[in-house]
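# Tertiary structure, described
Listed here are the chains, written in short residue letters.
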Amino acid sequence: MTPTITAFQESPDQGQGQARDMRVRWALEEVHQPYGVRLVSFREMKEPEHLRIQPFGQIPSYEEGELQLFESGAIVLHIAERGTGLLPDDLDARARAITWMFAALNTVEPPLVEIEAAMLVEGDKPWYAQRLPLLQERARTRLDSLSRRLGDAQWLDGSFSAGDLMMIGVLFRTKDLGLLEKYPNLHAYVGRGESRPAFRRAFAAQHAVFEASQHA
Ligand code: GTB
């Protein structure tokens, strides 16, 4: 059954792939699973029909027959478990790949999102200039550790996995924050992810939503 995901109708980032449907699209492309996309407006995201699928009124969501999922991490894990190529067969290696997914979502992404949120909603507040360096320092603490752990390796644990997909998906969102420049290995790591054909297809698909909105 062809799954359907949801994504922003308005493409608020102008097709830069910053929204979390990007990682879901990427996972679907990696496992060569065709999918449909239901674009939702900001108003529709808060209406009962969407809230039944995504209780927090957000994107992405995932529907496959009777199955309805939300949370990009859970969706990517589901795709990885059903498809081939994103999770190793060896159970220990599989557990480690899933661990990296959690690390991306629970340890690395939060301090990065804090910076984005502060820039978005606190930029005009008197405390912003003092708070921003603190937030940047917190993010660097995580990136320092990740950079040390990755070292010269291509991927986080042997072959490319859903753990790398999620970590790169998280780091990719921070490109505009300028934080990665201090970490050549992380910069190259994100570049390796971006150059995967599946990433390119996913990026092009979400960018097409922005292009279409320009010509509507
Ligand atoms: N934990 C959830 C998950 O991983 O799925 C978080 C989902 C989430 O944050 N969704 C955001 C959303 O729906 C879109 S991705 N926000 C609307 C709302 O909460 O009302 C975050 C995002 C939004 C916008 C940009 N942008 O414009 O650049 C980038 C990323």
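Only a predicted model underlies this, so the values are computations on that prediction, with no experimental measurement involved. (Residues numbered from 1 in each chain as written. Predicted model: local features only at pLDDT ≥ 70, side-chain atom pairs only at ≥ 80, totals over all residues. Heavy atoms only, no water.)

## Description of the sheet that holds strand S4 (residues 67-70)
The strand order across the open sheet built from four strands is S2-S1-S3-S4, with neighbouring strands paired in mixed fashion. This sheet does not close on itself; its edge strands, each paired only once, are strand S2 (36-40) and S4. Sheet twist, expressed as the mean angle between neighbouring strand axes with direction ignored, is 25 degrees. As paired elements, strand S3 (residues 61-64) and S4 share four bridges and run antiparallel to each other. Looking across to S4, one finds that Ser-61 is bridged to Phe-70. (Pairing = 2+ DSSP bridges. Helix = DSSP H or I, 4+ residues; strand = E, 2+ residues; numbered from the N terminus. Axes fitted to C-alpha atoms, helices over the stretch in contact; angles between N-to-C directions.)

## Re the pattern of salt bridges
Side-chain pairs of opposite charge can arise where the charged atoms are in close proximity. Counting across every chain of the model gives 16 salt bridges. Note that Arg-20 is salt-bridged to Glu-109, the shortest N-O span being 3.5 Å. Taken together, the positions of Arg-20 in the loop between strand S1 (4-8) and helix H1 (21-30) and Glu-109 in helix H5 (residues 91-121) put the pair 89 residues apart, joining distant regions of the chain. What makes Glu-109 buried here is its relative accessible area of 6%. (Salt bridge = Lys/Arg side-chain N within 4 Å of Asp/Glu carboxyl O. Buried < 20%, exposed > 50% of the residue type's maximum accessible area, 1.4 Å probe, protein only.)

## Considerations on the domain arrangement of the protein
By the assigned domains, the protein splits into domain 1 (4-85 + 198-214) and domain 2 (91-196). The gap between the C-alpha centroids of domain 1 and domain 2 is 21 Å. The interface is formed by 19 residues belonging to domain 1 together with 19 residues belonging to domain 2. Here domain 1 and domain 2 share an interface that buries about 1,700 Å² over both sides, 61% of which is from carbon and sulfur atoms. (Domains from an automatic or database assignment. Contact = heavy atoms within 4.5 Å. Buried area = accessible area lost by both parts, 1.4 Å probe.)

## A closer look at the site of the ligand
Surrounding the ligand, one finds 15 residues, the nearest of these being Arg-20, Lys-46, Ile-59, Glu-71 and Ser-72. In this structure, Gln-58 approaches the ligand through a side-chain N or O atom, which is 3.0 Å from an oxygen atom. Contact with the protein chains hides 74% of the accessible area of the ligand, taken as 680 Å² for the molecule alone. Here the residues of the shell around the ligand sort into six nonpolar, four polar and five charged. (Near = heavy atom within 4 Å. Polar contact = N/O pair within 3.5 Å; in protein donor to acceptor, adjacent residues only side chain to side chain. Areas by Shrake-Rupley, 256 points an atom, 1.4 Å probe, with all protein chains shown as cover. Nonpolar A, V, L, I, M, F, W, Y, C, P; charged D, E, K, R; others polar.)

## Quick look at the side chain of Glu-122
Mapped onto the secondary structure, Glu-122 falls in the loop between H5 and helix H6 (128-150). For Glu-122, a relative accessible area of 15% puts it in the buried group. In terms of polar contacts, Glu-122 uses its side chain to reach the side chain of Arg-131, at 2.8 Å. When residues no more than four places from it in sequence are discounted, the contact partners of Glu-122 are Ala-117, Trp-127, Tyr-128 and Arg-131.

## Thoughts on unusual backbone geometry
Note that the residue after Ile-59, namely Pro-60, is joined by a cis bond; omega there is 5 degrees. Checked against the element boundaries, Pro-60 lands in the loop between helix H3 (48-51) and S3. You will see that Gln-14, though not glycine, has its phi angle at about 55 degrees, which is positive. Mapped onto the fold, Gln-14 is located in the loop between S1 and H1. On the basis of relative accessible area, Gln-14 is assigned to the partly exposed category, the value being 49%. With phi around 55 degrees, His-32 is a residue other than glycine that occupies positive phi space. Within the fold, His-32 resides in the loop between H1 and S2. With relative accessibility at 63%, the residue His-32 sits in the exposed group.

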